[in-house]
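Given next are the chains, with one letter for each unit.
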Amino acid sequence: MDKLLIVDDDYLVREGLRMAIDWQSVGVEVVGTAENGGEGLEKARELCPDLIIADVRMPGIDGLQMAKTLFDEGADLAVIVYSGYKDFENARRALDSGVAGFLLKPIEEGELLTRVKEVLARLHEKRKESAMLGQFITNIPLVKKQQFELLLKDGEGEEAAAEQLRLLGSCPPAAGTVIYVTSNNPSELSAFAERVLAALAPAYSVWEELSGKAVIITSAAQDEAAGRINSLLASSLKISDARFTVSACAFSGSVGAAYRKAQSLNENSVFAAVNTVITEAGNASIKKLVRDALAVIERDYNKKISVRSVAYELYTSESHLMHEFKSQLGKTFNEVLTEYRMQKAQELLIKGDMRVGEVAYAVGYNDVKYFSQVFRDYLGCTPSEFSEQRRQ
């Protein structure tokens, strides 16, 4: 049953409304009465009624002031007020206060019950609509993710998915770049994606995290996006344990084909130590010699390797391999090897089950002191300090 609070400064009127009206016939239970607006506010906050019936004219806080205060507080209820014959000014105030009904004295039981039924019916419908809206709002993130996935499938449903995302306030740009991000620490993807969006501003971008990857669709051109994210990748080495593999592919119109290319580039990258955004042009430009050398680093980083030993294995000269690394990657062979070893060292230190000396040996350093110095130069702290920071 709906709960009713009666507020009137006249005891006889108050009790008459409580006792003489057949409230049960309209599914209403009187849960309390109050003799003025101030007490009405207290009772309303305590009893949480569905409906308040109140006199307009009361000493102190009148019925309309009480109603306005409750509405301003967000109370989910309806209010019916009554006043003297031809009280047109209070009728106007009642409408301005948001009350659901206004009656003139003397109040007839039939008219009152009819008005109560109408008011409560509107209240129930409003609550139903609010519940449906609340459920829809709760499900918006799931709906957006579903439509985003459909958008990336590059089929007949792509246009419809784009329209749904537009209605949800997340419409993808018509042209730009698809950015595909994976990480050795998936829990960091969301924060990194937000940093990417900030770096790409004022370009318009939307993104979703989908099954261990972040996919960003931005209006920024591929070269511009790659340049900004490269700067972000360089800075991330100093502030995060996570490492990110980022690929990018330009698109115009359909994003599905670009998404698949970016995914393929990401999955087939040699390793993330190079810390540059992988693009079709950039990936194709890396010569086989350098890619083979990177594969050797990935395989033998924990052993005693050098540019000379790798050059010997790949049947090329040491000077030529060094030249190709600098030309292709903008880094020396030793810089890439050190970078990869430091990433592996961080991963082992984060696990926390190995001593610093054991970690040094595991990533290819026989001299623990030298390993600690390289680690400090790379991250700005010693391995022990790094471990302590992570424990804290």
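Residues numbered from 1 in each chain as written. Predicted model: local features only at pLDDT ≥ 70, side-chain atom pairs only at ≥ 80, totals over all residues. Heavy atoms only, no water.

J.: What am I meant to see in the packing of aromatic side chains here?
T.: The geometry of an aromatic ring pair comes down to the distance between the two centres and the angle between the two planes. As enumerated under the stated definition, the model contains eight aromatic pairs in all. Centre to centre, the rings of Tyr180 and Tyr259 are 5.8 Å apart; their planes meet at 45°, and the pair counts as tilted. Remark: Tyr259 occurs in helix 9 (residues 256-267) and Tyr180 occurs in strand 6 (residues 175-183); sequence separation between them is 79 residues. On the basis of relative accessible area, Tyr180 is assigned to the buried category, the value being 4%. Taking relative accessible area as the criterion, Tyr259 reaches 9% and is therefore assigned buried. Ring geometry for Phe325 against Phe333: centres 5.3 Å apart, planes inclined by 65°, an arrangement best described as edge-to-face. Relative accessible area serves as the criterion here: at 0%, Phe325 is assigned to the buried category. Aromatic ring contacts, followed pair by pair, group Tyr365, Tyr370, Phe371, Phe375 and Phe386 into a single cluster. The ring of Tyr365 has Arg341 lying over it, and the distance from NZ or CZ to the ring centre is 5.1 Å. (Phe/Tyr/Trp six-rings, centres within 6.5 Å; stacked < 30°, edge-to-face > 60°. Helix = DSSP H or I, 4+ residues; strand = E, 2+ residues; numbered from the N terminus. Buried < 20%, exposed > 50% of the residue type's maximum accessible area, 1.4 Å probe, protein only. Lys NZ or Arg CZ within 6 Å of the ring centre and 35° of its normal.)

J.: Is there a simple way to explain the nonpolar core in this structure?
T.: Generally speaking, nonpolar side chains in soluble globular proteins are found buried as a group. Judged by nonpolar contacts, the single largest core of 36 residues is most densely connected at Ile297, Leu321, Phe325, Phe371 and Phe375. Of all elements in the fold, only helix 11 (288-300), helix 12 (307-313), helix 13 (318-329), helix 14 (333-351), helix 15 (356-362) and helix 16 (368-379) reach the threshold of two or more residues within this core. The next biggest cluster of nonpolar side chains, apart from the first, holds 22 residues, and it includes Val181, Ile216, Ala242 and Val246. (Core = buried A, V, L, I, M, F, W, Y, C linked by side-chain atoms within 4.5 Å.)

J.: What's the story with the pattern of salt bridges in this structure? I'm lost.
T.: Note on pairing: side chains with opposite charge can pair once their charged atoms come close. For the structure on display, the rule yields 19 salt bridges. The salt bridge partner of Asp55 is Lys105, with a shortest N-O separation of 3.4 Å. Remark: Lys105 occurs in the loop between strand 5 (101-104) and helix 5 (109-151) and Asp55 occurs in strand 3 (residues 51-55); sequence separation between them is 50 residues. A residue is classified by how much of its surface remains accessible, and Lys105, at 34% relative accessible area, is partly exposed. (Salt bridge = Lys/Arg side-chain N within 4 Å of Asp/Glu carboxyl O.)

J.: Got a minute to help me understand unusual backbone geometry in this structure?
T.: The phi torsion of most residues other than glycine is negative, and most of the peptide bonds are trans. The linkage connecting Lys105 with the following residue, Pro106, adopts the cis geometry, with an omega of -5°. Along the chain, Pro106 turns up in the loop between strand 5 and helix 5. The amide bond that connects Ala201 to the next residue, Pro202, takes the cis arrangement and shows omega of 10°. Mapped onto the elements, Pro202 comes out in the loop between helix 7 (189-200) and strand 7 (205-209). The backbone phi angle of Ser211 is positive, close to 50°, even though this residue is not glycine.

J.: Would you mind going over the sheet that holds strand 8 (residues 214-218) with me for this structure?
T.: Across a sheet, strands are paired by hydrogen bonds formed along the backbone, either parallel or antiparallel in direction. Reading across the sheet, the five strands line up as 7-8-6-9-10 and stay open at both edges, with mixed pairing between neighbours. The open sheet is flanked by strand 7 and strand 10 (278-279), the only strands paired with a single partner. Across nine bridges, the pairing between strand 6 and strand 9 (residues 244-252) is antiparallel. Bridge pairing in strand 9 links Ala175 to Ser252. With respect to the sheet, helix 7 is in contact with strand 6, strand 7, strand 8 and strand 9, its orientation differing from that of strand 7 by roughly 170°. (Pairing = 2+ DSSP bridges. Contact = heavy atoms within 4.5 Å. Axes fitted to C-alpha atoms, helices over the stretch in contact; angles between N-to-C directions.)

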